[in-house]
Number of protein chains: 2
Amino acid sequence: MSRRRQSRQIKLNNVAVGGGAPVTVQSMTNTDTRAAAATLKQINELAASGCDIIRCAVPDEAAVSSMKEICAESPIPVIADIHFDYRLALGVISSGAHAIRLNPGNIGGPERVRQVAEAAGESGIPIRVGANAGSISKSLLSELRTDGMNTHDSIVEGLVRSALEQCRLLEDFGFKDIKVALKASEVTATVEACRRFAAETDYPLHLGVTEAGTPARGIVKSSVGIGALLLDGIGDTIRVSLTADPVEEVLCGIRILEACGLREARPEIVSCPTCGRTEIELIALAERVEKIVNTLKASGKILELNKIAVMGCVVNGPGEARDADLGIAGASGDKVAIFKYGKTVGVFPQEEGFERLKAEILSFSH
Amino acid sequence: MSRRRQSRQIKLNNVAVGGGAPVTVQSMTNTDTRAAAATLKQINELAASGCDIIRCAVPDEAAVSSMKEICAESPIPVIADIHFDYRLALGVISSGAHAIRLNPGNIGGPERVRQVAEAAGESGIPIRVGANAGSISKSLLSELRTDGMNTHDSIVEGLVRSALEQCRLLEDFGFKDIKVALKASEVTATVEACRRFAAETDYPLHLGVTEAGTPARGIVKSSVGIGALLLDGIGDTIRVSLTADPVEEVLCGIRILEACGLREARPEIVSCPTCGRTEIELIALAERVEKIVNTLKASGKILELNKIAVMGCVVNGPGEARDADLGIAGASGDKVAIFKYGKTVGVFPQEEGFERLKAEILSFSH
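Because the structure is a prediction, the values reported are computed rather than measured.

Quick notes on the rules
- Residues numbered from 1 in each chain as written.
- Chains lettered and ligands numbered in written order.
- Predicted model: local features only at pLDDT ≥ 70, side-chain atom pairs only at ≥ 80, totals over all residues.
- Heavy atoms only, no water.
- Helix = DSSP H or I, 4+ residues; strand = E, 2+ residues; numbered from the N terminus.
- Buried < 20%, exposed > 50% of the residue type's maximum accessible area, 1.4 Å probe, protein only.
- Contact = heavy atoms within 4.5 Å.
- Lys, Arg positive; Asp, Glu negative; His and termini not counted.
- Charge placed at Lys NZ, Arg CZ, Asp CG, Glu CD.
- Domains from an automatic or database assignment.
- Salt bridge = Lys/Arg side-chain N within 4 Å of Asp/Glu carboxyl O.
- Axes fitted to C-alpha atoms, helices over the stretch in contact; angles between N-to-C directions.
- Parallel < 35°, antiparallel > 145°, perpendicular 65-115°, else oblique.
- Left-handed = near helix turned anticlockwise from the far one by under 90°.
- Nonpolar A, V, L, I, M, F, W, Y, C, P; charged D, E, K, R; others polar.
- Least-squares fit on C-alpha atoms with pLDDT ≥ 70 in both.
- Pairing = 2+ DSSP bridges.
- Polar contact = N/O pair within 3.5 Å; in protein donor to acceptor, adjacent residues only side chain to side chain.
- Arc of directions from axis to C-beta.
- Core = buried A, V, L, I, M, F, W, Y, C linked by side-chain atoms within 4.5 Å.
- Right-handed = clockwise from strand over helix to strand, strands pointing away.
- Buried area = accessible area lost by both parts, 1.4 Å probe.

**Brief notes about the overall build of chain A**
No. 1: Secondary structure summary: chain A contains 12 helices and 15 strands in total.
No. 2: The dimensions of chain A, computed from C-alpha atoms along their principal axes, are 75 × 50 × 30 Å.
No. 3: Residues classed as buried in chain A amount to 61% of the 366 residues present.
No. 4: If you take every contact in chain A between residues at least 6 apart in sequence, the share linking residues at least 24 apart comes to 65%.
No. 5: Each charge class in chain A was averaged separately, 41 positive and 46 negative side chains, and the resulting centres sit 1 Å apart.

Take a look at the structure:
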C-alpha cells in the first residue's frame, strides 16, 4: 500500500510514536482515577488485551495525587487527560505522567501555556493536542459559515485550523514534543481533516472517530475512518472510541491494524460466508476454530501457523486452502477435507475432520 | 470526499448499479436454492433488513427450476451464482434470473461463452465476472512469482489480470453489460487490486473482502476494505462476507454506507466512549436510546430527527449536543442535561432525564 507518512518521533516513556515506530493501540480507563487500585486493575486488564498506551481522565487534585501510584505501577505509558486547568497539568507532570493531553487554547492564556510547556519540556514528556468537532470555537465556526461553507466543510476547516493553532501556542515557547488528534463523529470529516493536517505538518497523528457510538455502529465507523487513513500511510497511534467496555476498544484497534497489514494476525483465520452450496456446519466450525486459537493465545502459547482456512465448499476452498498452513473445506455432502500446507490430508465425516484439524492446530503450539 | 468514479450503468431488473446510482447492499442466501419457499422466506427477511440485491447459489438443474419461482416472487433482484457449467447459466436465464455471476474463463471455451453472452444479451441481463485470490490460475501465479513478485504483489497483479481477462472473453462477443468484483481475504490486496482495475476500465465494481471470517474480525476487515474504496469514490454495490447469518452482512453493509456518507443514518446516534469522568450509566443509556430508535424504525415509523447525541460529560457534551436535534449529557454528579436543537431543556435525575428524552424522541415519530 502507500508508504507510511514520515512523522517526527515522540516517546511516551519506553514507547515510541511516529517516525516509523509500529502503530500503537490506545484506550482510556473508565474507572474513577482517584481510585488508584481499581484504575491499575483495569490498566493491567487492558494491557493484557494488547493495549499499548493508556489514558486516564484527571479532573481534580485528588486524581493528580492518585496518578503518582498509577504512573509508577502501570505496565504501559499513562497519558493524563486534562481540560481547562493548567495546575492539574503541572501536578500530573510532577506525578510522573508519561504524557499529557490538553489543549493550550483553553487553559487561560500564554503565561500558563509557558509554564506547562516548560514543565513538560524539563520532564521530557510529550503533549497531545487536538481538535474535536464538538469543541471548535463558536466564533471560528460562525466565521467559516459566514464565508459560505456548508456544515461538513466548516467542520473540516475548523478542525485543521484549531489543531494548527493548538500546536502554534506550544511552538511559541519552543515546545515541539507534540502529537495531534483531529476527531469528528462524521467519518468523512475526520478522514479529510487528518489528510489535510498530515500534509501540512510532520507531527505524529493520533487517529480516532469520536463519539462513534455503541459497538454495532462504532466498530464500523472506526474501522472505516481509521482504516482508510492507515491504508494511506497516515497515523501513528489509534484509539477506537466505543460506548462499551474499553477492552472492546483495544480488540477492535488491534483488528484494524491487522486488517491494514500493520500488525500480523498470527494465525490469520479466513472463513467463507455461508451460501446455498454450504452443506457443512460452517458458522459453528469457524467459531470453534477461532475459539481454539483464542484459548491457546490467551494461555500464552505460541502458535507457529500463519493462516488457517475454514471453507464451505469446493469453489474457493482448495484455492484458499492452498495458501493456508491448515485448512478445512466442505467436500461431498456433509464431509470435510483437511488440508496441510496445500496438500489434502484426507476427507472425513465432519466431527472427525474437526478433531483432526484441532489436533493439527495443537501440534503447532508450544 | 472524493468524487464518485464515473462507471457505466447496468440494471438488475429495476435496480441500477453504477453510473451515479446509489450504492446498493447485497447478500447471499444460505438456504438450499432447490427449496424455493425457504429461499424466498430468507430473501424477504433480508429485503426487510435493507438488502437491495440477493444472490443465490445455483449448483444444479433442480436449483435452476426452483429459480423460476424465486425470481418471479422475490421483492429484490436475484443474481444466480454459477460455476463451471454453462448449461446452468442458460437455464437460469430462461428461469428469469435478473443477473448471473459466472466466470466465462471456467465454462469450457469460446463457443459456450458465445452462447451465454447471446442469451444474456437477448434477455437484457448483466453478468458479474470476477477474480478471487483463491481462484487465480496456478499458471498465472507461478508466472508472476517467476518474475520475482512477492505473494502480495502477485495476488494484486493476478486479480487485475484475471478480471480483465474475464471481461475480454465477453467483450469478444460484443457483450459489455458487465460488473466486476476483485476479492482477496487480505484487505490491502483487495483495495490495491480494485484501485488499479477501477483506473483501467469503466465497468461498475462490486466490492467485498472475501472469506473475511466471523463477525469479530470480518466486520472490521470488510469495513476497512470496502470503506477505504468507497471513500475514494470507488464502488457501485457492496457485499460484506461474514461467516454468520446473512442479515448480519446486510446490517454491516448499510452501516458502512452510512459511515461513508453514502446513505443517511437517520437519525444518527452519536455517543461518547466511557472515561474516568463519566458518572452516569452511559453504556446502558446509549443502548436504551438505540433500542428506542431501532424499535420505532422496525415498526415502520418515520423519525423526523437527524441526530441524537448521548454524551458522558461536559467536556464535549454541549458541543456535540449543539449540533444534534436531541441530546443527553452527564451534568453534575449523576444528573443529566437534556438538549433540544442546541438549547438546554433542563437538568434532571438520570431516570427522569431518560424518560424526558424518550418522550421527545417519540414526539418526532409518526
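**Let's talk about the domain arrangement of chain A**
No. 1: Domain boundaries in chain A define domain 1 (10-259) and domain 2 (268-363).
No. 2: The straight-line distance from the C-alpha centre of domain 1 of chain A to that of domain 2 of chain A is 40 Å.

**Observations regarding the pattern of salt bridges**
All names here are of chain B.
No. 1: For the structure shown, the criterion picks out 52 salt bridges over all chains.
No. 2: Its salt-bridge partner being Glu264, residue Arg266 comes within 3.9 Å of it at the nearest N-O pair.
No. 3: You can call Arg266 partly exposed: its relative accessible area is 28%.
No. 4: Overall, Glu264 belongs to the exposed group, its relative accessible area being 58%.

**Quick notes on the packing of helix α10 (residues 282-298) of chain B against helix α12 (residues 350-363) of chain B**
Residues and elements named next belong to chain B.
No. 1: In the contact formed by α10 and α12, the axes pass within 11 Å of each other and the chain directions differ by 25°. By the angle between their directions, the pair α10 and α12 is classed as roughly parallel. Taken as a pair, α10 and α12 cross one another with a handedness that is right-handed. Counting all contacts with α10, which are made through Leu285, Arg288, Val289, Ile292 and Leu296, the residues of α12 involved are Glu351, Phe354, Leu357, Lys358, Ile361 and Leu362.
No. 2: Across the contact of α10 with α12, the residue classes break down as eight nonpolar, no polar and three charged.

**Let's talk about the relation of the copies chain A and chain B**
No. 1: The transformation that overlays chain A on chain B combines an axial shift of 0.0 Å with a rotation of 180°, and the residual RMSD is 0.0 Å. Expressed as an axis order, the relation between the two copies is that of a two-fold axis.
No. 2: Of the interface residues in chain A, 99% have counterparts in chain B that sit at the interface too, so the contact is made through matching surfaces.

**Digging into the sheet that holds strand β8 (residues 178-183) of chain A**
All names here are of chain A.
No. 1: An order of β3-β4-β5-β6-β7-β8-β9-β10 is seen for the eight strands of this closed barrel, with the pairing classed as parallel. For this sheet, the mean angle separating the axes of adjacent strands, direction not counted, is 25°.
No. 2: Bridge count for strand β3 (residues 24-28) against strand β10 (residues 237-239) is three bridges, and the pairing is parallel. Its bridge partner lying in β10, Thr24 is registered against Thr237.
No. 3: Here helix α7 (residues 187-200) sits on the sheet and contacts β8 and β9 (205-207); the angle it forms with β8, its principal contact strand, is near 150°.

**Re the side chain of Glu268 of chain B**
No. 1: Locating Glu268 of chain B in the fold gives a position in strand β11 (residues 268-271).
No. 2: Here the side chain of Glu268 of chain B touches Lys221 of chain A through a polar contact of 3.2 Å, side chain to side chain.
No. 3: Beyond its immediate sequence surroundings of up to four residues, Glu268 of chain B is in contact with Ser185 and Lys221 of chain A together with Asn306, Lys307 and Ile308 of chain B.

**Here we look at helix α5 (residues 138-146) of chain A**
Residue and element names in this part refer to chain A.
No. 1: Listed as buried for α5 are Leu140, Leu141 and Leu144. Looking straight down α5, one finds that the buried residues subtend no more than 100° of arc, so they occupy a single side. Away from its buried face by more than 90 degrees, α5 exposes Lys138, Ser139 and Thr146.
No. 2: Two residues or fewer after α5 comes Gly148, characterised by a positive phi angle close to 90°.

**Describing the nonpolar core**
No. 1: Counting residues in hydrophobic clusters, the biggest one holds 174 residues, and the most contacted among them are Ile100 of chain A together with Ile100 of chain B.
No. 2: When residues no more than four places from it in sequence are discounted, the contact partners of Ile100 of chain B are Ile79, Ala80, Ala89, Val92, Ile93, Val116, Ile125, Pro126, Ile127 and Arg128 of chain B.

**Quick word on the pairing of strand β15 (residues 343-349) of chain A**
Residues and elements named next belong to chain A.
No. 1: Where strand β14 (residues 335-340) lies against β15, six bridges are found, and the strand directions are antiparallel. The residue of β15 that forms the bridge with Ile338 is Gly346.
No. 2: Between β14 and β15, which pair antiparallel one after the other, the connecting turn spans two residues, and Tyr341 there sits at a positive phi close to 45°.

**Quick word on the pairing of strand β4 (residues 53-57) of chain A**
Residues and elements named next belong to chain A.
No. 1: The buried fraction of β4 amounts to five of the five residues, a majority that puts the element mostly inside the structure.
No. 2: By the bridge criterion, three bridges tie β3 to β4 in an arrangement that is parallel. Of the residues in β4, the one forming a bridge with Met28 is Arg55.
No. 3: Read from β3 through helix α1 (residues 36-49) to β4, the crossover connection turns out right-handed.
No. 4: For β4 and strand β5 (residues 78-81), the ladder comprises four bridges, and the chain directions are parallel. Pairing of Ile54 across the sheet is with Val78, part of β5.
No. 5: Taken together, β4, helix α2 (residues 61-73) and β5 constitute a β-α-β crossover, and its handedness is right-handed.

**A few points about the interface of chain A and chain B**
No. 1: Contacts between chain A and chain B engage 78 residues on the former and 78 residues on the latter.
No. 2: With both sides pooled, the region where chain A packs onto chain B buries about 6400 Å², and carbon together with sulfur makes up 55% of that total.
No. 3: The shortest N-O distance in the salt bridge between Glu186 of chain A and Lys307 of chain B comes to 3.8 Å.
No. 4: For the side of chain A that touches chain B, the secondary-structure elements that each account for two or more residues are α5, α7, α8 (215-231), α9 (246-259), β11 (268-271), α10 (282-298), β12 (307-311) and α11 (317-323) of chain A.
No. 5: Its residues assigned to classes, the side of chain A that touches chain B comprises 32 nonpolar, 23 polar and 23 charged.

**A look at helix α3 (residues 86-94) of chain A**
All names here are of chain A.
No. 1: Every buried residue of α3 is listed here: Tyr86, Leu88, Ala89, Gly91, Val92 and Ile93.
No. 2: Buried residues belonging to α3 abut α2, β5, β6 (99-101) and α4 (110-123).
No. 3: Backbone nitrogen of Arg87 and a side-chain oxygen of the N-cap are separated by 2.9 Å at the start of α3; the cap is Asp85.
No. 4: Gly96 sits one or two residues past α3 and shows a positive phi near 95°.

**Observations concerning the sheet that holds β14 of chain A**
All names here are of chain A.
No. 1: One open sheet holds the five strands; their spatial order is β11-β12-β13-β14-β15, and the pairing between them is mixed. With partners counted over all chains shown, the strands left at the sheet margins are β11 and β15, one partner each. Averaged over all neighbouring strand pairs, the angle between strand axes comes to 15°, with direction disregarded.
No. 2: On the sheet, α10 packs against β11, β12 and β13 (326-330) and is oriented at approximately 160° with respect to β12.
No. 3: Contacts from helix α12 (residues 350-363) reach β12, β13, β14 and β15, with the element oriented near 140° to β15.

**Examining the side chain of Lys179 of chain A**
No. 1: In this structure, Lys179 of chain A sits in strand β8.
No. 2: Not counting the four nearest positions on each side in its chain, Lys179 of chain A is found in contact with Ile10, Val17, Gln26, Ile79, Ile127, Arg128, Val129, Pro204, His206 and Thr237 of chain A.

**As for the packing of α8 of chain A against α9 of chain A**
All names here are of chain A.
No. 1: Where α8 contacts α9, the axes come no closer than 10 Å and their chain directions differ by 40°. Classified by the angle their axes make, α8 and α9 are oblique. For the pair α8 and α9, the crossing hand works out as right-handed. For the pair α8 and α9, the contacting residues are Ile219, Ser222, Ser223, Ile226, Gly227 and Leu230 in the first and Cys252, Ile256 and Leu257 in the second.
No. 2: Partitioned by chemical class, the residues of the contact of α8 with α9 number six nonpolar, three polar and no charged.

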